[in-house]
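# Structural overview for review
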Amino acid sequence: MAAVHGDVHGHGHDDHHPTGIMRWVTTTNHKDIGSMYLWFSLTMFFTGGFLAMGIRAELFQPGIQILEPELFNSFTTLHGLIMVFGAIMPAFVGFANWQIPMMVGAPDMAFARMNNWSFWLLIPAALLLVSSFFVPGGAAAGGWTFYPPLSAQGGLGVDMMLFAVHILGASSIMGAINIITTVLNMRAPGMTLMKMPMFVWTWLITAYLLVLAMPVLAGVVTMLITDRHFGTSFFNAAGGGDPVLFQHIFWFFGHPEVYIMILPAFGIVSEIIPTFSRKPLFGYSSMVYATASIAILSCIVWAHHMFTAGMPTVGQLFFMYATMLIAVPTAVKVFNWTATMWKGEMTFETPMLFAIGFIFLFVIGGFSGVICAIVPIDIQVQDTYYVIAHFHYVLVSGALFALFGGAYYWLPKWTGHMYDETLGKWHFWLSMIFFNMAFFVQHFLGLAGMPRRIPDYALQFADFNMISSIGAFGFGLTQLLFVYIVIKCIRSKEPAPEKPWDGAKTLEWTHLPTPAPYHSFETPPVVK
Amino acid sequence: MSKEEKNTSGTFMQVAKAVLAAFMGIRKQSDLENDAANLKPAQVIIGGLIGATLFVISILVLVKIIVNLN
Ligand code: HEM
Ligand SMILES: [Cu+2]
């Protein structure tokens, strides 16, 4: 411990010296790195958003208007990859960097230099993904899940994508190790595990899931690369391999991955709801236990993504039951948030609006998930817009709404200025309306049989697609408002109140000034 | 860790209960504090893994029974 403290202190003086770009290139400060993660993910959010606008523009009407089918497929593929690996995951790591040291009473992250490296790895990966559109053959077009045989074919763009995924995975593993070490070794005296804020708990468990899942992804990517270039036949039936093997390995990573994207969101919501209800989190310990059990269970449900790939009945039933049971601890959390609000002295500032919107819409996504888990139904809706609707309810109105809520909640602490409450409310309500307009109708499209990942569709789907596209454009435009609000907040002259949220109980609000100083806790606070 | 002695006595049931509670996601605050005082992390983790294995086996058995019914 002493060594770590001394080390960070040592950096402290150097950190102030490099100026301009070098400050950011060489920084080992958790707040600088957190900010870079957040700006990076916002940039990738708009990059992925641009692709989404392209997809929805093409689908505005039946027929092919704007995007050639091959390019359309590249758009859907890169939209998914960029949003998952470039926007949502780095955004949560950005939150972790800013918040975890402050919330556990540590001076910085445990491995400050590795922290810098895990951020800067993201840049080449992002460049590889984006520039792959411009190489001969174009970007990867086999879907964000890059199943062979499509991903075994394809040109340079596929290799660039695979390499990018490798780099992003390495970055995530390092970030996760850093978070685990920080949480386990650098807590302030008195900050026992069971006193940690829920956000820290969810991130600790997420970090373990990352350490478990990302190497599996790295493995499957490596197998694909050797299949493509070194004559192996892991997934090539002609050489004795099996393409379904890919799906098993991919989803063994992939399902824990979806929980990696939602557990920290649970954490953020579990900070916001108590603050604005002015009550402690109902059933804190149940929440910790439920999160741990979700993490374990998430490793045994992967084949619910493969019900149509061919599987014995025993397998189908196993994965169906296991998947349906995982909804139980998830439902416990929803119950806990609701009970926290019950009879609380609630106020509805923007963070709270996003948190409540999260609960409301995440439940819809959870239910459609359980519906997808029922084998006879899933055989109908697999690969239709129903699945698209499901995972946008859990990822956009789940993960993304929680990120927005968290951003509004901590912006005063980060910047020292208050955001514009009126505009924040506009951002919430417009997002809420346009999101549902874009995605609720996709349930109907899916049930009516419209397949996903196609640039053209039959005439009977036209009306719902038009509604969905208008909603999507509205949602996209609304997010520009968020950028405006953030910039306005940073540039604002007026200092934020020391503690804008009277219900906040965590260390960053009770033990640190606003804005948070460059080095959080040079002497650790004592937690009673 | 003054309760070190207690670690050896009667903890199997306590681990089992803690793991079961975790799988359902429900645990009383007082029980939790007991767990936190008496259980070592390694016990909980191993207990969790055993619990997960049992969970998998029991679903498998259930599924086999159902499939054999017809
Ligand atoms: C109540 C919990 C949940 C259940 C029961 C559930 C169930 C399912 C099932 C059965 C599928 C496969 C559908 C198909 O391909 O036919 C699926 C797809 C998906 N789910 Fe969930 N899910 C749940 C929560 C989540 C969460 C929390 C996330 C992410 C934050 C998520 C993200 C996804 C994604 C991304 C896909 C589609 C992957 C793809 O094919 O591209 N799900 N879910
Ligand atoms: Cu899944």
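Values in this document were obtained by computation on a predicted structure and should not be read as measured data.

Rules of the game
- Residues numbered from 1 in each chain as written.
- Chains lettered and ligands numbered in written order.
- Predicted model: local features only at pLDDT ≥ 70, side-chain atom pairs only at ≥ 80, totals over all residues.
- Heavy atoms only, no water.
- Helix = DSSP H or I, 4+ residues; strand = E, 2+ residues; numbered from the N terminus.
- Rg over C-alpha atoms; globule rule 2.2 N^0.38 Å.
- Buried < 20%, exposed > 50% of the residue type's maximum accessible area, 1.4 Å probe, protein only.
- Contact = heavy atoms within 4.5 Å.
- Donors = N, O, S within 2.8 Å, 3.2 Å for Na, K, Ca; no water.
- Patch = residues over 30% accessible without salt bridge, like charges linked within 9 Å, V, L, I, M, F, W, Y side chains within 5 Å.
- Areas by Shrake-Rupley, 256 points an atom, 1.4 Å probe, with all protein chains shown as cover.
- Salt bridge = Lys/Arg side-chain N within 4 Å of Asp/Glu carboxyl O.
- Near = heavy atom within 4 Å.
- Polar contact = N/O pair within 3.5 Å; in protein donor to acceptor, adjacent residues only side chain to side chain.
- UniProt positions renumbered as here; feature names shortened; annotations may be inferred.
- 1 Å grid on protein atoms, 1.4 Å probe; cavity = no way out; pocket = protein on both sides within 12 Å on 5 of 7 lines; lining within 4 Å.
- Points joined across faces, edges and corners; volume = space filled by probe spheres on them.
- Nonpolar A, V, L, I, M, F, W, Y, C, P; charged D, E, K, R; others polar.

Each helix and strand counted, chain A has 17 helices and zero strands in total. For 528 residues, the compact-globule estimate of 2.2 N^0.38 gives 24 Å, and the C-alpha radius of gyration of chain A, at 23 Å, lies within 12% of that figure. Each principal axis of the C-alpha atoms in chain A carries an extent, and together these give about 65 × 50 × 45 Å. Taking all 528 residues of chain A together, the buried fraction comes to 61%. When contacts within chain A are restricted to residue pairs at least 6 apart in sequence, those whose partners lie at least 24 apart make up 82%.

Next up on the list: the coordination of the iron atom of ligand 1. Residues and elements named next belong to chain A. On the protein, His390 (NE2) is the one donor atom to the iron atom of ligand 1, at 2.1 Å. Separating the iron atom of ligand 1 from the copper ion (ligand 2) is a gap of 4.6 Å. As for its placement among the helices and strands, His390 is situated in helix α14 (residues 385-415).

Our focus in this paragraph is the environment of Gly219 of chain A. Residues and elements named next belong to chain A. Mapped onto the secondary structure, Gly219 falls in helix α8 (residues 198-229). Residue Gly219 is classed as partly exposed on the basis of its relative accessible area, which comes to 28%. It is 9.3 Å that separates the C-alpha atoms of Gly219 and His166, two residues lying 53 residues apart in sequence.

Residue and element names in this part refer to chain B. Taken together, the side chains of Ile46, Ile50, Leu54, Ile57, Val61, Ile65 and Leu69 define a hydrophobic patch exposed on the protein surface, amounting to about 700 Å² of accessible area. The residue Val61 is located in helix α3 (residues 41-68) in this model. What makes Val61 partly exposed here is its relative accessible area of 44%.

Residue and element names in this part refer to chain A. With respect to spatial proximity, 22 residues lie near ligand 1, and among them Trp144, Asp378, His390, Phe391 and Arg452 are the closest. Here a nitrogen atom of ligand 1 sits 2.9 Å away from a polar atom, N or O, in the side chain of His390. Between ligand 1 and Arg452 there is a distance of 2.8 Å, counted from an oxygen atom to a side-chain nitrogen or oxygen. Of all elements in the fold, only α9 (243-277), α12 (350-373) and α14 reach the threshold of two or more residues within the shell around ligand 1. Sorting elements by how many residues they give to the shell around ligand 1 places α12 first, with six residues.

Here the UniProt-annotated "domain: Cytochrome oxidase subunit I profile" (unreviewed entry) positions come out as residues 24-528 of chain A. For residues 24-528 of chain A, the helix share is 69%, the strand share is 0%, and the end-to-end C-alpha distance is 36 Å.

This part takes up the layout of surface pockets. Its volume calculated, the second largest pocket comes out at about 1,300 Å³. Trp201 and Ala292 of chain A together with Pro41, Val44 and Ile45 of chain B are the residues nearest the centre of the second largest pocket, which is lined by 36 residues in total. Those elements that place two or more of their residues in the lining of the second largest pocket are α8 and α10 (284-297) of chain A together with α1 (11-24), α2 (29-38) and α3 of chain B. The element contributing the most residues to the lining of the second largest pocket is α3 of chain B, with eight residues. Of the residues in the lining of the second largest pocket, the class split is 30 nonpolar, four polar and two charged.

This paragraph deals with the coordination of the copper ion (ligand 2). All names here are of chain A. Those donors, His255 (ND1), His304 (NE2) and His305 (NE2), are the protein atoms that reach the copper ion (ligand 2), and they lie 1.9 to 2.0 Å from it. For the copper ion (ligand 2), the donor residues sit on a single chain with the sequence spacing H-x48-H-H. Given a relative accessible area of 23%, His305 falls into the partly exposed group.

Residue and element names in this part refer to chain A. Applying the stated criterion across every chain, the model contains one cavity of 30 Å³ or more. By volume, the largest cavity is sized at about 150 Å³. Looking at the largest cavity, it is lined by 17 residues, and the ones nearest its centre are Met89, Pro90, Val93, Ser171 and Ser172. Among the elements of the structure, α4 (69-104), α7 (156-185) and α8 are those that each provide at least two residues to the lining of the largest cavity.

It is worth spelling out the UniProt feature "transmembrane region" (unreviewed entry) in chain B at this point. Here, UniProt's "transmembrane region" (unreviewed entry) annotation points to residues 44-67 of chain B. Overall, residues 44-67 of chain B shows 100% helix and 0% strand. The separation of its end C-alpha atoms is 34 Å.

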